[in-house]
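# Structure at a glance
Below, each chain spelled out in residue letters.
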Amino acid sequence: MYLELRHLRTIRAIHQAGGLARAADLMNMTQSALSHQVAGLEAQVGMELFVRRSKPMTLSAAGIRMLRAAERILPEITALEEEFRALQAGKTGRLHIAIQCHACFDWLFPVLGLFRHAWPEVDVDIRAGLAFDSFPALLREEVDLVISSNPEPLAGITFTPLFDYHPMFIASAQNPLAAKAVIEAEDFRDQTLLTYPVPRDKLDVFTELLTPAKIEPRAQRQVELTAVILMLVGSNRGVAVLPDWVLRDVKSNADYVTRPLAPPPGKSGSITKRLFAATREEDEAKPYIAHFQRLGRSEAVKLQRG
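The following paragraphs examine the structure supplied in this document. (Residues numbered from 1 in each chain as written. Predicted model: local features only at pLDDT ≥ 70, side-chain atom pairs only at ≥ 80, totals over all residues. Heavy atoms only, no water.)

### Some remarks on the sheet that holds strand E11 (residues 256-260)
- With respect to topology, 5 strands assemble into an open sheet ordered E9-E8-E10-E7-E11, the strand pairing being mixed. The two strands at the open ends of the sheet, each matched to only one other strand, are strand E9 (219-222) and E11. Taking each pair of neighbouring strands and ignoring which way they run, the sheet shows an average axis angle of 30°.
- Bridge count between strand E7 (residues 167-172) and E11: 5 bridges; the pairing is antiparallel. Opposite Ala-171, over in E11, you have Val-257 as the bridge partner.
- Contacts from helix H7 (residues 204-213) reach E7, strand E8 (192-195), E9 and strand E10 (239-243) within the one sheet, and its direction differs from that of E8 by about 145°. (Pairing = 2+ DSSP bridges. Helix = DSSP H or I, 4+ residues; strand = E, 2+ residues; numbered from the N terminus. Axes fitted to C-alpha atoms, helices over the stretch in contact; angles between N-to-C directions. Contact = heavy atoms within 4.5 Å.)

### Considerations on the sheet that holds strand E6 (residues 157-165)
- Pairing is mixed in the open sheet, where 5 strands are placed in the order E4-E3-E5-E12-E6. The open sheet has two free edges, formed respectively by strand E4 (122-126) and E6, since each of these has just one partner strand. When the angles between neighbouring strand axes are averaged without regard to direction, this sheet yields 20°.
- Sheet analysis places strand E5 (residues 145-148) next to strand E12 (residues 273-280), joined by 3 bridges and oriented antiparallel. When the sheet's bridge partners are listed, Ser-148 is paired in E12 with Phe-276.

Take a look at the structure:
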């Protein structure tokens, strides 16, 4: 037996209309064409689907079984068609995000709050477990966007700049380094450095300052949460280097000092990093992804201005 969606629509229309003539009008076809379609359908099934002697035309036992199938399947097909139309219009979709930047949660949640209101039908998720496997996960389509400050040349992947930021030194006002205007790599030799629990090649303080200068801090202590890092810094239990947007709330707090980092030898100006949104090339033009990137840029500026 070979059934098509038009067969299910036919059985439902005749049942709702109570006869061939009215059903043909509802389906924008001639009564003769509809009769041929019913005959072909009954030939496929191998039995009559309608009791033709009754008025209005009623379904046989086999017809009732097919009607039940039509009433179950056709709404699902309609919903699927509507979903595909929404996908084509860019109104719905999936935005699963992997983050290489541990501090980015402080910036990302306000962005997602605005995004959720603008795109309520887009499925949003943060895939924290893929942070260290983010680019391969993007290529495998396990995530749709990666936030990173370390772009790599990857075929099929586009890196869109979001914003520039400055890694900033933060210490307790009681720390001897509070007296300095600019913090150099050498200053970390006698300090306990508080960092997120990520590899050194993902930490700005190492990639931009300590590793090029071949300097090791006295100790390194890994801490999961930004709030805990700030609490430990305020208690003079260590120092940290965090993105400028993270420090917006402590700039005016007398318990803390924030200082710029001196650039490595041979470079001038303050250390500047750039955050990127990595997406697959075929997804770059999707309206909701483009809107997320615009929100990311605008909200970052607000946070940096404090």
